[in-house]
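Residue strings, one per chain:
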Amino acid sequence: MARPLIQMALDSLDFDQTVALADKVAPYVDIFEIGTPCIKYNGINLVKELRQRFPNQLLLVDLKTMDAGEYEAGAFYAAGADICTVLGVSGLATIGGVIKAAKKYSAEVQVDLINVPNKGECARESAKLGAQIMGVHTGLDAQAAGQTPFTDLAEVANLGLNVRVSVAGGIKPATIDQTVKAGANIIVVGAAIYGAACPATAAKEIRELVDAASA
Ligand SMILES: O=C(CO)[C@H](O)[C@H](O)COP(=O)(O)O
């Protein structure tokens, strides 16, 4: 089984803390995600800083774009983003706009399926347009209400689309094995790493668990 990529969600609002956390966990993660609150607070300079410091990690900017897809995402691709996210609920015109911006920079698009009522249809149509990654996502507020992403992950992974499937929503060491076995290609981890007493140790543990589950 191909080893899934590990994506670290950088969800702090503080610029320097974000860079320091990225430094600590870099040996264990494949993708740095600049989380939505973080990018709103810090803006494009953080993309430039992480791009320059971490040439070996992919950089995902979690814009969760809802409108003006090409215009909004274009600037972030230009600053070094490898992947930008667009909301599935935004509709195909906006998703298509982000895809157009990504193509200009040979970059990729992740469609975030958060709160999309028909995830299968949205994933199929977005894949047809050219989106490369489908994001199954139980947001922080839904997690607080007790929801998890695993049923949706199984549904989207089983569609058999020619895309990578990303999963986010409270993934932690105890759920890595089921996440890998359900077919996730990208595993997003935020709080289980940044909330740990030692984020580097937590990231190393996640890396070892992903490696073991996909061996
Ligand atoms: O995109 C997000 C919230 O909208 C988070 O970054 C994502 O859910 C990962 O964080 P966690 O592992 O803490 O759930």
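Residues numbered from 1 in each chain as written. Predicted model: local features only at pLDDT ≥ 70, side-chain atom pairs only at ≥ 80, totals over all residues. Heavy atoms only, no water.

Enquirer: Explanation requested: the site of the ligand in the structure shown.
Expert: Around the ligand, 14 residues are found, and the nearest of them are D11, Q143, G170, G190 and A191. Contacts to the ligand include D11, whose side-chain N or O atom sits 2.8 Å from an oxygen atom. G190 places a main-chain nitrogen or oxygen 2.9 Å from an oxygen atom of the ligand. With the chains in place, 92% of the 370 Å² that the ligand exposes on its own is no longer accessible. When contributions to the shell around the ligand are tallied by element, the ones reaching two or more residues are β3 (58-65), α7 (140-144) and β8 (186-189). Of the residues belonging to the shell around the ligand, the class tally is five nonpolar, five polar and four charged. (Near = heavy atom within 4 Å. Polar contact = N/O pair within 3.5 Å; in protein donor to acceptor, adjacent residues only side chain to side chain. Areas by Shrake-Rupley, 256 points an atom, 1.4 Å probe, with all protein chains shown as cover. Helix = DSSP H or I, 4+ residues; strand = E, 2+ residues; numbered from the N terminus. Nonpolar A, V, L, I, M, F, W, Y, C, P; charged D, E, K, R; others polar.)

Enquirer: Help me understand the confidence of the model for the protein chain in this model?
Expert: Reading fine detail from the predicted coordinates is not recommended where pLDDT is low. Per-residue pLDDT for the protein chain averages 98, and the proportion of residues at 70 or more is 100%. Under the prediction, the complex receives an ipTM of 0.97, its pTM being 0.98. (pLDDT = per-residue confidence, 0-100.)

Enquirer: Help me understand the UniProt feature "domain: Orotidine 5'-phosphate decarboxylase" (unreviewed entry) in the protein chain, please; the structure alone is not making it clear to me.
Expert: UniProt records the feature "domain: Orotidine 5'-phosphate decarboxylase" (unreviewed entry) at residues 5-206, using the numbering of this structure. The distance separating the terminal C-alpha atoms of residues 5-206 is 11 Å; by composition the span is 48% helix and 21% strand. (UniProt positions renumbered as here; feature names shortened; annotations may be inferred.)

Enquirer: I tried to follow the nonpolar core on my own but got confused; where do I start?
Expert: Considering soluble globular proteins, one finds that nonpolar side chains tend to be buried as a cluster. Judged by nonpolar contacts, the single largest core of 59 residues is most densely connected at F32, I34, L50, V61 and Y77. Examining the composition of this core, we find that five residues originate from one element, helix α5 (residues 92-104), more than from any other. Excluding anything up to four places from it in sequence, L50 contacts L10, V19, A22, I34 and L59. Core analysis: the next-biggest nonpolar cluster, separate from the first, contains five residues, I31, L60, I83 and I186 among them. (Core = buried A, V, L, I, M, F, W, Y, C linked by side-chain atoms within 4.5 Å. Buried < 20%, exposed > 50% of the residue type's maximum accessible area, 1.4 Å probe, protein only. Contact = heavy atoms within 4.5 Å.)

Enquirer: Sorry if this is basic, but what is going on with the sheet that holds strand β4 (residues 83-87) here?
Expert: Hydrogen bonds between backbone groups are what pair the strands of a sheet, and the pairing can be parallel or antiparallel. With parallel pairing, the eight strands of this closed barrel are ordered in space as β1-β2-β3-β4-β5-β6-β7-β8. For this sheet, the mean inter-axis angle between neighbouring strands, taken without regard to orientation, is 25°. By the bridge criterion, three bridges tie β3 to β4 in an arrangement that is parallel. From the neighbouring strand, T65 faces β4, where its bridge partner is V86. Relative to the sheet, helix α4 (residues 69-78) contacts β3, β4 and β5 (108-112), its axis offset from that of β3 by approximately 155°. (Pairing = 2+ DSSP bridges. Axes fitted to C-alpha atoms, helices over the stretch in contact; angles between N-to-C directions.)

Enquirer: Quick question: what am I supposed to make of the packing of aromatic side chains here?
Expert: Each aromatic ring pair is specified by the distance between its two centres and by the angle formed by the two planes. Counting across every chain of the model gives two aromatic pairs. Here Y77 and Y105 contribute two aromatic rings whose centre-to-centre distance is 6.5 Å and whose plane-to-plane angle is 20°, an arrangement assigned as stacked. With Y77 in helix α4 and Y105 in the loop between α5 and β5, the pair connects residues that are 28 residues apart, well separated along the chain. For Y105, a relative accessible area of 35% corresponds to the partly exposed category. (Phe/Tyr/Trp six-rings, centres within 6.5 Å; stacked < 30°, edge-to-face > 60°.)

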